[in-house]
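# Report on the structure
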Amino acid sequence: MHRRRRTALILSTAALAAAPLLTACGSEAHPGAAAVIGGDRITVAQLEGRVNEVRDAQRAAIPDDAQYAQAISKSGGLTRATLHTMVLDEVLHRAAADAGVSVTRRDVQTMRAGLEQQAGGRKELEEAWLQQYSVAPARLDDSLRTEVEAQKLAKKLDADMNSPQGQALFWKALTAASKKLDIDLNPRYGTWDVDKNKRADAKTPWVRQVTESGAAAGDRQA
């Protein structure tokens, strides 16, 4: 299952919200925004909500305090990683739309059925996605939709994701989409590298960097 995901798209874990992630910001500045994408924004509240879902799922799956603390320490950068995923999802959606790619509910159900069979059942798949990719069970179908979308886009581009050339072709399409979206991150979370399609830490010493030593609190408040 892990190999299939890696060779399919080489993307960070992606889980789209069931409710819209982006809210129109129009001519407003960026108050309360974690990122602005194509004139719309991902709010800090939406980002915090996504992180809290993962932490709540981890807490439910790991009742032992010591083991839970260990799990938190292993995913201390969850807030920034989650924002990276949320932004990259939107880039992928734009690239897919530009290529005329769409995903049906049946596509998602088919992928889920196959992965559940590989994992040994629904619960096992949900636990694996939570542990490996920080995807809360409630977001699993959204994450799989993104997986399918990436696979379909690669196929449409005739990009073999098992080859460097195919990967380059795939990411070239995402870079083009990223440039069109004019992505602007709140400096608190870094900057968006258009060419590499990834979040990067902002080199601004006057901006207080949120340390991950307070991950348990920071992932809920940052």
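Note that the structure is predicted; figures quoted are calculated from it, not measured. (Residues numbered from 1 in each chain as written. Predicted model: local features only at pLDDT ≥ 70, side-chain atom pairs only at ≥ 80, totals over all residues. Heavy atoms only, no water.)

A few words on the packing of aromatic side chains. Going through the model one piece at a time under the given rule, you end up with 2 aromatic pairs. Ring geometry for Trp 129 against Tyr 133: centres 4.7 Å apart, planes inclined by 70 degrees, an arrangement best described as edge-to-face. Of this pair, Trp 129 and Tyr 133 both sit in helix 6 (residues 122–133), 4 residues apart, roughly one helical turn. Accessibility assignment for this pair places Trp 129 and Tyr 133 in one class, buried. Arranged with centres 5.7 Å apart and planes meeting at 90 degrees, the rings of Phe 170 and Trp 171 form a pair that is edge-to-face. (Phe/Tyr/Trp six-rings, centres within 6.5 Å; stacked < 30°, edge-to-face > 60°. Helix = DSSP H or I, 4+ residues; strand = E, 2+ residues; numbered from the N terminus. Buried < 20%, exposed > 50% of the residue type's maximum accessible area, 1.4 Å probe, protein only.)

This part takes up unusual backbone geometry. It is generally the case that most residues other than glycine have a negative phi and that most peptide bonds are trans. For Ser 134, which is not glycine, the phi torsion reads 55 degrees and is therefore positive. Here Ser 134 is to be found in the loop between helix 6 and helix 7 (140–156). Classification of Ser 134 by relative accessible area gives partly exposed; the value is 24%. For Asn 197, which is not a glycine, the phi torsion comes out positive at approximately 55 degrees. Note that Asn 197 resides in the loop between strand 5 (191–193) and strand 6 (198–200). Take Asn 197: its relative accessible area is 2%, and that puts it in the buried class.

Turning our eyes to something else, we now look at the pattern of salt bridges. In total, this model carries 9 salt bridges according to the counting rule given. Residue Asp 98 pairs with Arg 94 through a salt bridge whose shortest N-O separation is 3.2 Å. Taken together, the positions of Asp 98 and Arg 94, both in helix 4 (residues 78–98) and 4 residues apart, correspond to about one turn of that helix. Taking relative accessible area as the criterion, Arg 94 reaches 30% and is therefore assigned partly exposed. The residue Asp 141 makes a salt bridge to Arg 112 at a minimum N-O spacing of 2.7 Å. In this pair, Asp 141 is assigned in helix 7 and Arg 112 in helix 5 (residues 105–119), connecting sequence segments 29 residues apart. (Salt bridge = Lys/Arg side-chain N within 4 Å of Asp/Glu carboxyl O.)

Functional significance is not addressed by these values, which are geometric in nature.
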